[in-house]
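Read off the chains here:
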Protein chains: 4
Amino acid sequence: MADAAQQTPRVAVLGASGFAGALVARLIDRHPFFRLGAITARAEAGMRLDELYPHHRVPSVLSEPDVEAIADAHEVAVVGYPHGASSEAVAALHARGLLVLDLSADFRLRDDATYREWYGDVHAAPELFGTAVYGLPEIHRGALAGVREGGRLIAGPGCFPTAAILALAPLARAGVIDEVIVDAKTGVSGAGRKLVRSTHYVDVSENVHAYGVAGHRHQPEIRQELAVAGMDAAVQPVFVPHLVPVDQGELTSCYVRPRRAVGADEVAELFADAYDGEQFVEVTSAEPGMRDVQATNFARLRAHVDPRSGHVLVFATIDNLWKGTSSQAVQCLNIAYGRDEDEGLR
Amino acid sequence: MADAAQQTPRVAVLGASGFAGALVARLIDRHPFFRLGAITARAEAGMRLDELYPHHRVPSVLSEPDVEAIADAHEVAVVGYPHGASSEAVAALHARGLLVLDLSADFRLRDDATYREWYGDVHAAPELFGTAVYGLPEIHRGALAGVREGGRLIAGPGCFPTAAILALAPLARAGVIDEVIVDAKTGVSGAGRKLVRSTHYVDVSENVHAYGVAGHRHQPEIRQELAVAGMDAAVQPVFVPHLVPVDQGELTSCYVRPRRAVGADEVAELFADAYDGEQFVEVTSAEPGMRDVQATNFARLRAHVDPRSGHVLVFATIDNLWKGTSSQAVQCLNIAYGRDEDEGLR
Amino acid sequence: MADAAQQTPRVAVLGASGFAGALVARLIDRHPFFRLGAITARAEAGMRLDELYPHHRVPSVLSEPDVEAIADAHEVAVVGYPHGASSEAVAALHARGLLVLDLSADFRLRDDATYREWYGDVHAAPELFGTAVYGLPEIHRGALAGVREGGRLIAGPGCFPTAAILALAPLARAGVIDEVIVDAKTGVSGAGRKLVRSTHYVDVSENVHAYGVAGHRHQPEIRQELAVAGMDAAVQPVFVPHLVPVDQGELTSCYVRPRRAVGADEVAELFADAYDGEQFVEVTSAEPGMRDVQATNFARLRAHVDPRSGHVLVFATIDNLWKGTSSQAVQCLNIAYGRDEDEGLR
Amino acid sequence: MADAAQQTPRVAVLGASGFAGALVARLIDRHPFFRLGAITARAEAGMRLDELYPHHRVPSVLSEPDVEAIADAHEVAVVGYPHGASSEAVAALHARGLLVLDLSADFRLRDDATYREWYGDVHAAPELFGTAVYGLPEIHRGALAGVREGGRLIAGPGCFPTAAILALAPLARAGVIDEVIVDAKTGVSGAGRKLVRSTHYVDVSENVHAYGVAGHRHQPEIRQELAVAGMDAAVQPVFVPHLVPVDQGELTSCYVRPRRAVGADEVAELFADAYDGEQFVEVTSAEPGMRDVQATNFARLRAHVDPRSGHVLVFATIDNLWKGTSSQAVQCLNIAYGRDEDEGLR
């Protein structure tokens, strides 16, 4: 029954005990087209996912990851491993012919040298560099549509780059970015499920602080994609994330010094050109707030020209786990399989 | 007994039912030197302050404001009225010879035209423009020390300007600010006690959004004071506040495009010159967080030079109600009376 | 095409600018069977609902309530007015033959005297007392199934009673409740959208307190329904709600002094008898948490016999706006129309 | 200079990297009479306390615990070790003649069998059982005043027992407690600094759940002390704590079934008898909230007789780290040294 199988591709989720993997499992489990297959986790193997995450209500049992067995029984794999740990499994599944969507940073950067500068010498499959489609549908829809016949590898964007690139791509394309500051605010779920000092409730509550000031790994990713879109490759975005006492949510406040004077009308037109017709991007005239998009695949943007300084300000908000990671992954798979882009996401 | 009175000056707090006024009342009530006199509030007259704010534990009864009676019985008045509503009471008390510290914006701007541009034509005492000392002790200590013999008027800075000016004054003095973005995050108490949509718990929780993007009144105040410090007066800071789900706390993330290349050592030296010996300013090498200064008069700063862009990043955190408003007011009064600057504040 | 119209009944939502009404509008707007008609609000008439609640993404425009026009164009009306204000509109729509589901307390109590004791003399349609089906599907499913042919009136339960009755009905039926304490914790959305002191972020954050200690209106409702289920009508439950810094969520901790010794096995059996096969009630062996059910129609329960005191402890959590109000209303309508009970709710 | 030393006793804090120990260190560091000596922590030895806790602003360096060296140089030791780990160090310091205040549970229970039932066979100094003064000043002030000449050992109460006993002691003394339910709500800091699943921000936010339902170790402690006060020793309090999304704060809601009918006046009198003149206990007519006492040594109570059920309801709130642990410890030391009870605590 190869046909029926093709009609409902089985999707494995590796690393399904993490926040991102678990959410992918839930979205696939409820998806009208895809079918959830194996969900894996090393430490929690044997547990049911709804014991770890009651609110996801996925009754499947987590199993030890077994790449060969997964490759035999699935057409698609979503890999939710930490950075560096992902490349080996991704390469193995990819070699067996699966469509692989990697949620880690391992295949986002197209350039080996840049990867090594930021992540070190930990990659298991450098030969795949540059073969992945960067899984931001509003920017790379065409490539995603062809990915099953093409490289069969999708690199899910980082959550900050998702918001920053959606905010800045219209200006990058128009060639007006001379300098850009990205001041990002993120909820705690972005730090993952691991128990670290900075996710203890007592450290988070009544607190906001910057982190990664000396250099955050999402900077080269933002730079790469904006350069692809048209920004002068020499521009070095300043990117500083801040942790805020929120569970799920992300807001990037972008401050662009333009190459030339730009007016409010021109900016409005650039955003209309970019996003009219996009069902998951909302351009508004009010300041977007994290609540507006929580637990959805929407990005919500506002662009504004500051008359005093001439700077262009763009505010973009997403749910870091949804549009920033897991629901965007499902959006990518929908496109790859020619389904309605919002299937399983409304 | 003029002498004894001088030894323990009586301080009246007008508008003591608001967050800022109530905190001033508490700090004065516990102060070893000053003595709390009348506390006033129109709507809540007759109530005890500890009914409104049990945690402040000030058992005094709020009374209707009566400027004449207050002037007769006090040497100092702190006025916690809303912007525009303050100038009339301030002028009357000032005319009666009291030292007046105004927490509103009414006397912060030195220039009538700038005031009108941002606040409209609502000022009751424009003749006092330019006579007030701007109550930021680390910048205007000398003027504060002479204020009783001088203009007898202190304009308490806005909470955002307090953090932004402390963060940027060292760079302004060195003349290196070419452009500056101030991305501020503030807790909800900064919006005051009034019941408005944006302070409803359900709107704040799990939410972060910018506001006042079209122009916030703290922008001209920041610009004025940085220009006084040495910044080119033509520079128009970009200032955007964001509301975060925090009660008390404020973080300003400042991004300075320098006029000339500056190195980390030079920046470190500028901040050391400015703040070594300041007991309420902490310059750290870790990212400062709101919790570090909550319910204190401290400001905590970190300056960093971004090697990629050459920008200078400065992060400054304060408690918006304490150092941003009420405890800073007490610090000013301590200086005006020649007391130890931290009296009643540790 | 009367037939087709019957197949997709139009549902009006009166009072759609409140939290509960707005959520009903969203659920109906996405519902596969029902069709959203008029949504009304006095103060916000003319605004789009997605301006007030961007995250609901309902693009309909709010209109002034016009009972006659609504009656002409709808088969069902959900009324989200405050207590006391509801009865007049409900009676008018009911008289016009609509199926009316009232979210207020106006038709929950079956007894005029009890209503007057707790709410005063404000009811516009006392003749309808006792005709409404109490809209708790797990208890009154049969009556709900017949409501269109019967009284055409459903009284949506209070959020606290929903959780408390689900927690206690199995014990009430078995006649073992001698005394019962219901200590409830609720998120702030339960207080509604109105701006009051107790919903200001600064009053809620880092705070928990009891309220309504002298007598909360949900007490007689809980008592009435438990008596219907079999509890001795003389028992006076002690009911005390507490406000916690949570947006949506409710937990009732119930402490039952039993009439006779009951064992863990017996209690487990009572709950299995009551809820096996219920798709929206989860009986677990772990302590249920608000997060487990947030933004769902689920109730999650744990019953435990304390071996030291012999008391039976039952913990029940729901989302106060979903199962506690709005999604439960849709569940009732699904039953009334013979649809799958979870249609539009998964 | 033995005299001078006695005038300013040096206090060592063992386990000063935990929340409770760190706060004791801060309070002693600012105390007008005591002097902070060694502060110890195994894992963080060598770090400054203000690196771990910037907001405490204690610049001392943490050292490895060395009982002999500590005994030589200090007159008082406060031990902030986990349960079971404390008894060995406490016994050694006590044997060397120091006044020891233990913050753990190791010396709270007076009875070996009860201790073993709840904590197991882990105690290093069972011979000291029953020699410690239970460090709740409002109940055991006399014994605390004599502790330096007596047993030289103070067992700091648990945070829940502090609130519950203050709430219930007046009723226990009057012999009216027939049954009692204690439903407690606690902030996350009560769980300590350790990184565990239940303190991850994402698990705490928008969540409330009971825990320890099968039996919490504070139950026998509450029972022991209420029996000492006069409650029938056969009564088994039902005690259930709930975790709420709060940093510091605790509220115990107590529901007492009385042995005989009691009226509101009698209850008011019992509480007045117990607490009139207590400077740290506030009996109010409004529902006490956690914010009212946060970061203070106050307990705030309200007692109410429910006319329907005849039950007596008592609500008591404290800051779990302050009055529940660390500031109460300082209050005990003040009493032991004959100082004003609020020295260093206002």
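Quantities reported herein were computed from a predicted structural model and do not represent experimental measurements.

Thresholds applied
- Residues numbered from 1 in each chain as written.
- Chains lettered and ligands numbered in written order.
- Predicted model: local features only at pLDDT ≥ 70, side-chain atom pairs only at ≥ 80, totals over all residues.
- Heavy atoms only, no water.
- Salt bridge = Lys/Arg side-chain N within 4 Å of Asp/Glu carboxyl O.
- Buried < 20%, exposed > 50% of the residue type's maximum accessible area, 1.4 Å probe, protein only.
- Helix = DSSP H or I, 4+ residues; strand = E, 2+ residues; numbered from the N terminus.
- Contact = heavy atoms within 4.5 Å.
- Buried area = accessible area lost by both parts, 1.4 Å probe.
- Nonpolar A, V, L, I, M, F, W, Y, C, P; charged D, E, K, R; others polar.
- Least-squares fit on C-alpha atoms with pLDDT ≥ 70 in both.
- Pairing = 2+ DSSP bridges.
- Axes fitted to C-alpha atoms, helices over the stretch in contact; angles between N-to-C directions.
- Polar contact = N/O pair within 3.5 Å; in protein donor to acceptor, adjacent residues only side chain to side chain.

Caption draft 1: Structural detail: the pattern of salt bridges. Residues and elements named next belong to chain B. As enumerated under the stated definition, the model contains 107 salt bridges over all chains in all. Across the pair Arg116 and Asp121 runs a salt bridge whose closest N-O atoms are separated by 2.7 Å. A relative accessible area of 39% means that Arg116 is categorised as partly exposed. In this structure, Arg302 engages Glu287 in a salt bridge whose closest nitrogen and oxygen atoms are separated by 3.2 Å. Placement of Arg302 in strand E13 (residues 299-305) and of Glu287 in the loop between strand E12 (281-283) and E13 is noted, with a sequence separation of 15 residues between them.

Caption draft 2: Looking closely at the interface of chain B and chain A. Residue-level contacts link 48 residues of chain B with 48 residues of chain A. Contact between chain B and chain A buries roughly 3,900 Å² in total, counting both sides, with carbon and sulfur atoms accounting for 58%. Area buried by chain B at its contact with chain A is led by Glu206, Arg291 and Arg308 of chain B, which between them contribute 19% of it. One salt bridge connects Glu179 of chain B with Arg257 of chain A, and the closest N-O pair in it is separated by 2.3 Å. Taken together, the elements giving at least two residues each to the side of chain B that touches chain A come down to helix H6 (112-119), strand E8 (177-186), helix H9 (201-204), strand E9 (209-210), strand E10 (238-243), strand E11 (250-258), E13 and strand E14 (312-318) of chain B. No other element matches E8 of chain B, which puts five residues into the side of chain B that touches chain A. For the side of chain B that touches chain A, the class distribution of residues is 19 nonpolar, 15 polar and 14 charged.

Caption draft 3: Focus on the relation of the copies chain B and chain A. Mapping chain B onto chain A leaves a residual RMSD of 0.0 Å; the transformation is a rotation of 180° accompanied by 0.0 Å of translation along its axis. Put plainly, the chains are arranged around a two-fold axis. Rotation axis and chain B: the residue whose C-alpha lies nearest the axis is Pro245 of chain B, separated from it by 3.2 Å. Taken as a fraction of all interface residues of chain B, those also at the interface in chain A reach 100%, which identifies the copy contact as same-surface.

Caption draft 4: Molecular detail of the sheet that holds strand E10 (residues 250-258) of chain D. Residues and elements named next belong to chain D. Across the sheet, seven strands lie side by side as E8-E9-E7-E10-E13-E12-E11; this open sheet has mixed pairing. A single partner strand is all that each edge strand has here, and the edge strands are strand E8 (209-210) and strand E11 (281-283). On the sheet, helix H8 (residues 159-173) packs against strand E7 (177-186), strand E9 (238-243), E10, strand E12 (299-305) and strand E13 (312-318) and is oriented at approximately 30° with respect to E10.

Caption draft 5: Local environment of the interface of chain D and chain C. Taken residue by residue, the interface counts 48 residues in chain D and 47 residues in chain C. Here chain D and chain C share an interface that buries about 3,900 Å² over both sides, 58% of which is from carbon and sulfur atoms. For the chain D face of the interface with chain C, the top three residues by lost area are Glu206, Arg291 and Arg308 of chain D, together amounting to 19%. Here chain D is connected to chain C by four salt bridges. Salt-bridge contacts for Asp183 of chain D lead to Lys185 of chain C; the nearest nitrogen and oxygen are separated by 2.9 Å. In this structure, the connection of chain D to chain C is made through 30 residue pairs in polar contact (both at pLDDT 80 or more). Here the element with the most residues in the side of chain D that touches chain C is E7 of chain D; it accounts for five residues. Of the residues in the side of chain D that touches chain C, the class split is 19 nonpolar, 15 polar and 14 charged.

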